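Single-letter residue listing:
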Amino acid sequence: NTDNWKIAKYPLGPVDNQLTTRGYLWSLNGTLINLGLDRRRRLSGGNLIISSLDRYQDVGIYQCMAYNTGGAILSRRASLQFAYLDHFKVHTRSAVSVREGQGVVLLCGTPTSSGDLTYAWVFNEYPYFVQQDNRRFVSQQTGNLYIAKVEPSDVGNYTCAVMNSITKGKVQSSPTSLILRTDGVMGEYEPKIEVNFPDNVPAAKGSTVTLECFALGNPVPEITWRRANGVPFPSKVKMKYSNAVLEIPSFQQDDTGGYECVAENKMGKNTATGRLAFYAKPQWIQTMKDTALAIEERLDWECRANGRPKPSYTWLKNGQQLLSEDRIHVEDGVLSVSVLTLADAGMYQCVAENKHGVIYFAAELMVLASPPDFTGNVLRALLKAKAGTTVTLECKPQAYPIASILWKKGNLITLSPDGTLRLANVSKSDAGSYTCFARNRFGMSSTTGRLLVTDPTRIIQGPVDMEIIVGESIVLPCQVASDPVLDVSFSWAFNGQLIAKGDGHFELVGGRTAGDLMIRNIQLYHAGKYICVVDTDVESLSAVAVLIVKGPPSPPDSVTVEEVTDSTAQLAWSPGRDNGSPITNYLIQTRTPFTVGWQRVNTVPEIIDGNTLTATVVDLNAWVEYEFRVLAKNSVGVGEPSPVSVKTRTEDAVPDAAPGDVGGGGGSRSELVITWEPVPEELQNGESFGYIIAFRAFGEVSWTHVATSAPGASRYVYRNDSIAPFSPFHVKVGTYNSKGQGPFSPVITIYSAEIEPSGMPAGVWARSVSASEIEVNWQALSFTPERVLGYEVVYWEDDTKPETMGKVRVPWNQTSVTVSGLAGNTQYFLTVSAFNTAGTGPFLPAINVTTKKPPPSQPPLNVEWTLIGSHLSLYWEPVVATESESEVTGYQVSFSLLCMLHANWTAELTLPEDDDDYIIRIQTLSEGGLGPASEPIRIHQLSELAVDILMTQSISVADSLFTRCHYCPAGLQEMLSSSALNATLHC
């Protein structure tokens with residue numbers, strides 16, 4: 001259901017306040033639906049059911065009214081729309097002729113539709129889709145294909161494929177041919193932005209915002225994004241398709257403002273700008289509640305909602321809009337009704353709306369008129385009070401309008417304007433029964449209670465002040481003497497906070513007159529004031545004790561770094577409190593941006609005694625920012641750490657670490673790719689860190705050196721047309737920074753890039769193994785000048801289902817593979833090619849194979865069995881395959897390590913004679929594979945120990961046909977080869 005603002009605010013009109021029935025009404029586009037004359041629409045409960053949906057008659061805005069004798073309310077509005085996707089117009093599209101190096105836009109020409117669409121472009125023939133990169137982009141806003149710089153490989157036919165995300169319907173355009181002109185090559189030119197975003201883009205809170213930007217140009221432009229205010233993008237922002245798409249998930253207020261897309265190449269740059277605006281539907285921040293008021297009282301209700309823009313308010317009563325008149329005042333979100341009458345009762349709704357949405361909130365108003373009623377508010381049958389205190393008896397009947405009150409005890413009668421009777425300094429003579437009488441113009445009622453006066457309660461043993469060590473346990477006593485008629489309860493407070501029962505350190509112990517507090521495993525924070533609170537029916541009293549706890553030292557303070565070198569730092573600090581035990585020594589810890597948590601460090605002196613307040617930290621890394629903290633230790637333990645020192649950077653030094661994991665290889669033709677593991681920042685030892693890459697071909701003496709100043713670099717590509725494919729090179733990588741050159745890595749051997757295989761496998765054939773598997777076979781390449789690492793099998797259902805395309809790769813010495821996870825009874829197209837690190841070679845023409853029908857989905861049912869000794873007889877109901885399933889060729893009976901195949905739906909077998917449980921399952925067999933298993937049968941066999949059961953067991957099955965068992969354990973096959981079973985059971 002979504003809000004829509006194309007109808008009148010209250011399409012159902014007024015509803016009479018004196019409704020005598022209950023039910024529901026519906027409107028469409030502001031007009032009441034007459035269900036008595038409409039055969040396609042009917043009600044089920046409050047739901048509107050529409051049969052034979054019509055795209056033109058049923059589209060629009062719906063709203064429901066629910067009503068009964070208590071009133072009526074309106075639902076929110078709901079919009080019903082229909083998704084569709086028409087076909088492309090059938091016509092031949094003109095060829096597009098461009099120069100090499102020129103940019104081009106191929107128009108999709110999307111047919112009429114409703115609902116979200118996704119676009120893709122097919123190159124020449126399915127399943128070859130245009131792969132998006134920095135040169136090619138498919139806009140999901142326009143559907144068009146943009147090629148920034150045309151290359152000869154782009155020549156061919158392009159087809160626009162459109163899918164409706166709701167209906168899943170797909171259509172394809174006529175192909176558009178892209179050809180190269182022969183009158184020259186396009187020169188270099190500055191970027192021209194062809195895909196950009198609107199000047200103003202509204203976005204809802206929490207939504208995902210997508211902005212597109214793509215430019216034509218030669219050389220191919222580079223796309224970058226930035227915010228107009230210069231604020232960096234948060235980590236949630238994603239760049240896709242070589243920065244052509246900017247995606248902002250969970251859009252918030254902070255994401256609003258100007259955005260800029262910059263397309264740049266060496267010939268110049270171009271910029272597209274726009275703004276993201278934040279909007280929000282109304283949301284309630286204050287609402288009213290169901291209210292019951294006495295007749296002639298005043299009603300005041302207020303509702304408030306936030307939203308952008310600010311919402312406006314309307315009030316409804318029983319579905320009808322309220323306006324200010326007579327006793328009713330409506331202003332903004334406030335409704336006031338003075339001098340209530342019974343006619344004012346009903347259902348009220350506050351409506352908040354802005355241009356992005358509307359929300360409703362409903363509450364009921366009940367207007368009451370009744371005689372006094374003490375139900376739920378009678379006087380306590382027995383009220384206890386301590387002698388000498390003041391007792392207050394309250395008479396609060398429910399009465400509309402308010403009743404007059406009088407009190408009676410014996411022959412004494414007292415009038416009470418507010419219904420309260422106060423007795424000061426009570427004594428035993430004040431005990432007795434008290435009756436309250438209440439009267440208004442609708443009637444009279446009364447309630448009676450008894451007052452009992454008790455003796456005071458005394459604490460006879462309370463807690464005392466104590467000193468204790470961290471980790472010990474104590475009991476604080478609290479015992480009382482009280483009147484036997486009183487109920488006594490105990491509670492404890494610690495430093496002004498009530499001690500909860502769930503706290504593992506505290507436990508309340510004792511009986512009716514004792515509430516001792518046990519404190520286990522005392523900690524420093526348990527020091528403070530403890531109060532025992534004693535509560536009875538009539539009074540509350542308390543006793544106080546102070547607990548002193550000794551523990552580890554408090555944190556040291558004022559940690560400063562006084563002198564720093566490239567590997568040391570001198571620290572000084574001031575001591576913290578010793579908490580009752582002298583400090584014996586100090587510990588120093590450090591943290592850097594590269595460590596996980598705090599680490600212990602080496603110091604001089606190695607052990608820092610409690611009287612020393614300076615030390616030198618050693619073995620630090622050069623040019624790294626450190627933080628330090630100090631911990632104190634005494635006989636009780638180690639205390640909390642000090643505040644962290646100011647961040648301090650050690651001095652710089654020449655690098656002493658070489659890059660690791662040096663390697664390489666691969667890449668494009670005439671390239672030498674060199675890779676390494678970058679040196680961690682904490683080991684770079686200074687500014688201006690970089691790498692020196694040295695390489696030479698086999699047989700050469702001199703090295704070629706190249707430097708890169710990117711400290712995070714992990715790859716270098718050397719390009720030279722003279723480099724032969726897959727030729728060996730010696731490689732080493734060193735480091736340097738502003739202080740000088742560091743060490744080189746050991747010399748290793750890598751190979752230059754190779755080229756794709758030029759040959760194609762031969763003799764490709766395939767067969768269906770089951771409903772989900774196809775076996776593909778081919779002949780290995782007999783000779784190819786390029787290296788072959790393996791073979792790639794590509795498969796798909798048909799040209800209209802790109803999502804079904806998949807591929808499998810196998811090593812060079814393998815000439816077959818089984819493709820699994822396929823759909824049953826489905827035709828698949830397959831092709832095979834060779835591959836190496838440079839890519840795949842040419843594909844063979846596609847062949848097609850249809851998978852077998854799936855096995856029956858129904859397991860064997862109604863399995864019955866009889867066990868006599870070790871002889872087990874099984875019976876089950878035969879399974880009949882449907883037309884879309886494979887025929888049943890037999891059944892597999894499995895138990896323990898044995899699996900037996902049967903043609904009929906009965907089986908007799910002998911269980912091994914050992915004391916064990918056996919789980920038996922039955923499955924159908926078909927050319928599509930094994931069907932689902934029957935419910936497992938658990939059979940417990942009690943017998944003497946049997947030896948070599950598998951070697952002597954005989955299986956007798958009436959009319960049984962044994963076939964291949966697919967799931968027999970490997971060890972069983974060898975055992976069966978010498979048994980009497982091998983004549984009929986092949987596993």
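Since the model is a prediction, treat every value here as computed from it, not as a measurement.

Regarding the state of the cysteines
- Applying the stated criterion across every chain, the model contains 5 disulfides.
- In this model, C303 is linked to C350 through a disulfide, with the two sulfur atoms separated by 1.7 Å. Because the torsion about its S-S bond is 40°, the bridge between C303 and C350 counts as right-handed. Here the residue C303 occupies a position in the loop between β28 (299–302) and β29 (304–308), and C350 occupies one in strand β34 (residues 346–354), the gap between them amounting to 47 residues. With respect to class, C303 is no different from C350; both count as buried.

Thoughts on the sheet that holds strand β43 (residues 432–440)
- With respect to topology, 5 strands assemble into an open sheet ordered β37-β44-β43-β40-β41, the strand pairing being mixed. On the outer flanks of this sheet lie β37 (382–386) and β41 (412–416), each paired with one strand and no other. For this sheet, the mean inter-axis angle between neighbouring strands, taken without regard to orientation, is 25°.
- With 5 bridges joining them, β37 and strand β44 (residues 443–454) adopt parallel strand pairing. For A385, the partnering residue across the bridge sits in β44 and is V453.

What about the confidence of the model for the chain?
- Across the chain, the average pLDDT comes to 87, with 92% of residues at or above 70.
- Here residues 1–20 scores under 50 on pLDDT; set against residues more than four positions off or in separate chains, the count is 61 contacts.
- Taken together, the stretch residues 943–987 has pLDDT below 50 and engages in 69 contacts with residues farther than four places along the chain or on a different chain.

Things to note about the UniProt feature "domain: Ig-like" (unreviewed entry) in the chain
- Listed under "domain: Ig-like" (unreviewed entry) in the UniProt record, and renumbered for this structure, are residues 86–177, 191–277, 282–366, 372–454 and 456–542.
- With 0% helix and 60% strand, residues 372–454 has its two end C-alpha atoms placed 33 Å apart.

Some words on the UniProt feature "domain: Fibronectin type-III" (unreviewed entry) in the chain
- In this numbering, the UniProt entry assigns the feature "domain: Fibronectin type-III" (unreviewed entry) to residues 555–653, 658–755, 760–854 and 859–945.
- Each end of residues 760–854 is marked by a C-alpha atom, and these two atoms are 34 Å apart; helix forms 0% of the span and strand 48%.

Description of the sheet that holds strand β73 (residues 774–779)
- Pairing within the open sheet is antiparallel, and its 3 strands lie in the order β72-β73-β76. Of all strands in the sheet, those bounded by a partner on one side alone are β72 (762–768) and β76 (816–819). Here the average twist between neighbouring strands, direction ignored, is 15°.
- The pairing of β73 with β76 spans 4 bridges and is classified as antiparallel. Bridging from a neighbouring strand, E775 pairs with T818 of β76.

Structural notes on the packing of aromatic side chains
- Summed over all chains, the structure comprises 21 aromatic pairs.
- Their ring planes at 55° and their centres at 6.4 Å tell us that F506 and Y530 sit as a pair that is tilted. You can see F506 sitting in strand β51 (residues 506–509) and its partner Y530 sitting in strand β53 (residues 528–535), a full 24 residues away along the chain. Taken as a pair, F506 and Y530 share a single burial class, namely buried.
- Each ring, one from W778 and one from Y791, has its centre 5.7 Å from the other, and the planes form 55°; the classification is tilted. Of this pair, W778 sits in strand β73 while Y791 sits in strand β74 (residues 790–796), and the two are 13 residues apart along the sequence. Each member of the pair W778 and Y791 is classed as buried.
- Here the aromatic residues F137, Y146 and F214 are joined through ring pairs into a cluster of three or more.
- Looking at R55, its charged tip hangs above the ring of Y84, at a distance of 3.4 Å from the centre.

Regarding the pairing of β43
- Where strand β40 (residues 404–409) and β43 come together, 5 bridges link them in antiparallel fashion. When the sheet's bridge partners are listed, L406 is paired in β43 with F437.
- Adjacent in sequence and paired antiparallel, β43 and β44 are bridged by 2 residues.

What counts and what doesn't
Residues numbered from 1 in each chain as written. Predicted model: local features only at pLDDT ≥ 70, side-chain atom pairs only at ≥ 80, totals over all residues. Heavy atoms only, no water. Disulfide = S-S within 2.5 Å. Helix = DSSP H or I, 4+ residues; strand = E, 2+ residues; numbered from the N terminus. Buried < 20%, exposed > 50% of the residue type's maximum accessible area, 1.4 Å probe, protein only. Pairing = 2+ DSSP bridges. Axes fitted to C-alpha atoms, helices over the stretch in contact; angles between N-to-C directions. pLDDT = per-residue confidence, 0-100. Contact = heavy atoms within 4.5 Å. UniProt positions renumbered as here; feature names shortened; annotations may be inferred. Phe/Tyr/Trp six-rings, centres within 6.5 Å; stacked < 30°, edge-to-face > 60°. Lys NZ or Arg CZ within 6 Å of the ring centre and 35° of its normal.

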